[in-house]
Amino acid sequence: MKKYALLLGVSLIALMALGMFSSAIGDSHGGTKGKSAVKAKNEDWKAEFPDYYESWRGTSKSDEIVDMLKKNPQMVILWAGYGFAKDYNKARGHMYGLVSNVNSLRTGAPTGPTDGPMPTACWTCKSPDVQRVIDEDGENEYFTGKWARLGDQIVNTIGCADCHDSESYELTISRDYLARGLEASPVDYSKVDDTQMHSLVCAGCHVEYYFKATEYKDTAGADQKAMVVTLPWSEGFLAEEAEAYYDGIDFADWTHSISKAPMLKAQHPDYELYTTGLHFKRGVSCADCHMPETADGEADHAVSNPMTNIKNSCLNCHDATEEELKATLEIKYNRREQLNQMAMNTLATAHLEAGKAWEAGATEAEMAEVLQLLRSGQWFWDYAIASHGGYIHAPEESLRVLGVAINKGSDARIKLAGILAKHGVMNYEAPDYSTKEKAQALAGVDLEKEIKAKIQFRNTLFKEWTESAIKNGYLDPDARKGMTDNTSYPK
Ligand code: HEC
Ligand code: HEC
Ligand code: HEC
Ligand code: HEC
C-alpha cells in the first residue's frame, strides 16, 4: 500500500493543477439538428494516433463466446418470455460490441427497416455512430422506430469518439442521457474532475437504463413516439433506489411467461455498483484497472479483463504477488457464485411453482404478493450479477444484494406452498431445468427457428447494411479485418 500512498500524493497534485480540465456536464454534444462533428469512423483517428489505434484494436483478441445460458440454465427460466431466454453471452472486447449485438438472437431477424423486435435504442452503447446520427437527425428522431431502421448507419464499433471529443480529443461525456442521469442523481456532479472522467467515460454504457416512451411531434407535425434510453438515477445508485424509481412509474420490462409477474431486467449497473466499493472510495477509476499505463506511459487501449494483465493493472498500486491477488479474487468470486446459485435456484423454482399455482386455479388476489416478491427478488439478483465484475468492483454490496434476493425468493416459495396446498396440490416438485435445452423447452423458446431466421438475416439484410455503409463512406472497408465470427449457435 506504500506504493499507492505515493501515487495518490502525486495524483492529487496533478488533480489540483488540472482544475482547467474540469468540464461542466452541460458541455456534451447538443443533439441539435445539423451536420455532426463526431468522427465516428475509428480509422479516421488512425493517421494521427497510430499507437492508440493499434492498442484499441487489441480488444479484438477477446473474441471467445461464453454461453451464460449453458453455464446457468436457471437464467432461461428467470427470463422466460423475454429475449434474454434465447441468447446471453459474457461480454467480449469492444471491437466485438457491434457484431455481438447483430449476432445476438435477442435482436431477431428483421427483413427490412420497419421489422423486428427491437427499437433503435438497442444500438445506443455499441457505436460512435449513435451520437453522429443524433447530431444529424435529433435525439427523439434517433430513438424512434425499429432497430433495423439504422442498420446501414450504425456500423462502427465502440471506439474513439465514444470516449473522446472529436475536436479537442479530451475525454468527454458523449451521451446526453448520461448527462441527464448525472444531473438527476442525488450526487453533485456539477464539476467533474479528471479522476471522475476516467470512470464516467465508461458510464455512458456500463450502467443501468430503460427505454422511456416519449411523445413528440416530428418536423411535419405528426405525432411520434421515441423510446429514449434513460438512467433511473433520481433516487440514487443502490438496487433499492433504482427499484423505487421503477415502482414509482409503474414500469415493467415484460410479463413473465410462466409466473405472470411484471418483471424488471437489470442491464449492467457496473458504474453504480462500483461506486459502493472501496476502490471507488479511494479514488481508483475504471481506467486505472482496465486501461493501465503501458511502459511508454500511454493508457492501454486494449480494455480487457485486468486479471490477464495483473502486473500493469494491479501491481501499480498493490504490494502483492500475482498469485496472491489471483487467490484473493478467486475467493471473492466463489463467495459471490455460491449466493448467485442459491438466488437463481430459489427464484427459478418459485416462477415454476407460481405457474403451477395458476394452473391449479389460484386467484389474482392470492398471487399478488408472490408476484411482487418475484419481481423484486429477481431485480436484486440481476442487479448484483448483471455486472459480471461486481465481485471485485463491490464485493460486499454484491453479497448484500444477493442476500436480499434469496430472502425474497424464499418468502415467495413459502407463500406458494400455502397457495398450492389450498388448491389441492401437495409436495409439488418443479420440472427439471438443469440444462439449457430443458429450460428452453419449459420457457417455450424455439431455438432452431430463431437460429435459422438469424442466419438468413446475416446472409441477406446484414450483408446489405455493410455494403451500403462502405459505399456511402460510413464504414472503412478494413474496419472489421482480422476479427473472428464466433456465435453461441452453429452456423
Ligand atoms: C473506452 C474509452 C476510450 C476509448 C474507446 C478510446 N480512448 Fe483514448 N483514452 C481513454 C482514456 C481513459 C485515456 C487516458 C486519459 C488520461 O490519461 O487523461 C485515453 C487517452 C488517449 C490519448 C492520450 C491523450 C490524452 O487525452 O490523455 C489519446 C491520443 C487517445 N486516447 C486516443 C484514442 C484513440 C485514437 C482511440 C480510438 C482508436 C481511443 N483513444 C479510444 C479512453 C478511451
Ligand atoms: C459506447 C459504449 C461503451 C463504452 C463507452 C465503454 N464500453 Fe465497455 N463494453 C461495451 C459493450 C457493449 C461491451 C460488450 C461487447 C461484446 O460483448 O461484444 C463492453 C465490454 C467491456 C468489457 C469486457 C471486455 C472483455 O474482453 O471481456 C470490459 C472490461 C469493459 N467493457 C470495460 C469498459 C471500461 C473500463 C470503459 C471505460 C474506460 C468502457 N468499457 C467503455 C460498451 C462500452
Ligand atoms: C480494482 C480494479 C478494477 C476497477 C477499478 C474496475 N474494474 Fe472492472 N473488472 C476488474 C476485474 C479484475 C474484472 C474481471 C472479472 C472477471 O472476469 O472475473 C473486471 C470486470 C469488468 C467487466 C466484465 C467483463 C466481462 O468479461 O464480463 C466490466 C464490464 C468492467 N469490469 C467494467 C468496469 C467499469 C465500468 C469500471 C468502473 C465503473 C470498472 N470496471 C472498474 C477490475 C476492476
Ligand atoms: C490505482 C490504485 C489501485 C489499483 C490499480 C488497484 N487497486 Fe486494489 N486497492 C487500492 C486501494 C487504495 C485499496 C484500499 C486499501 C485500503 O483502504 O485498505 C485497494 C483495495 C483492494 C482490495 C481489498 C478491498 C476489497 O475491495 O476487497 C483488493 C482485494 C484489491 N484492492 C485488489 C485489486 C486488484 C485485483 C487489482 C487489479 C485488478 C487492484 N486492486 C488494482 C488501490 C488500487
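For the structure itself, look to the data block above.
On a predicted model such as this, the values are computed, not experimentally measured, just so you know. (Residues numbered from 1 in each chain as written. Chains lettered and ligands numbered in written order. Predicted model: local features only at pLDDT ≥ 70, side-chain atom pairs only at ≥ 80, totals over all residues. Heavy atoms only, no water.)

(A) Geometry of the coordination of the iron atom of ligand 4. The protein atoms donating to the iron atom of ligand 4 are His-279 (NE2) and His-318 (NE2), with metal-donor distances spanning 1.9 to 2.0 Å. Taken together, the six donor atoms surrounding the iron atom of ligand 4 define angles of 86 to 180° at the centre, an arrangement classified as octahedral. Taken as a pair, His-279 in helix α13 (residues 278-281) and His-318 in the loop between α15 (310-313) and α16 (322-359) lie far apart in primary sequence, 39 residues in all. Classification of His-318 as partly exposed rests on a relative accessible area of 27%. (Donors = N, O, S within 2.8 Å, 3.2 Å for Na, K, Ca; no water. Tetrahedral: all angles 85-135°; square planar, octahedral: opposite > 155°, others 65-115°. Helix = DSSP H or I, 4+ residues; strand = E, 2+ residues; numbered from the N terminus. Buried < 20%, exposed > 50% of the residue type's maximum accessible area, 1.4 Å probe, protein only.)

(B) Quick peek at the nonpolar core. Of all hydrophobic cores here, the largest spans 59 residues; its most connected members are Met-75, Trp-79, Met-367, Leu-374, Trp-379 and Trp-381. When residues of this core are traced back to their parent elements, those giving at least two are α3 (68-71), α4 (74-78), α11 (239-248), α16, α17 (364-385), α19 (395-422) and α20 (436-443). For this core, the leading source of residues is α17, giving 11 residues. (Core = buried A, V, L, I, M, F, W, Y, C linked by side-chain atoms within 4.5 Å.)

(C) Up close: the packing of aromatic side chains. For the structure on display, the rule yields 31 aromatic pairs. Taken together, the ring pairs connect Trp-79, Tyr-82, Phe-84, Tyr-88, Trp-254 and Trp-381 into an aromatic cluster. Above the plane of the ring of Trp-45 lies Lys-39, whose end atom (NZ or CZ) is 5.0 Å from the centre. Note that Lys-265 overlies the ring of Phe-84, its terminal NZ or CZ placed 4.5 Å from the centroid. (Phe/Tyr/Trp six-rings, centres within 6.5 Å; stacked < 30°, edge-to-face > 60°. Lys NZ or Arg CZ within 6 Å of the ring centre and 35° of its normal.)

(D) Just α11, in detail. Along α11, the positions that sit buried rather than exposed are Ala-239, Ala-242, Glu-243, Tyr-245 and Tyr-246. Buried residues of α11 fall within an arc of 155° about the axis and therefore sit on the same side. Those residues of α11 that are buried lie in contact with β1 (210-217), β2 (223-230), α17 and α19. The positive-phi residue at the C-terminal boundary of α11 is Asp-250, with phi of around 55°. (Arc of directions from axis to C-beta. Contact = heavy atoms within 4.5 Å.)

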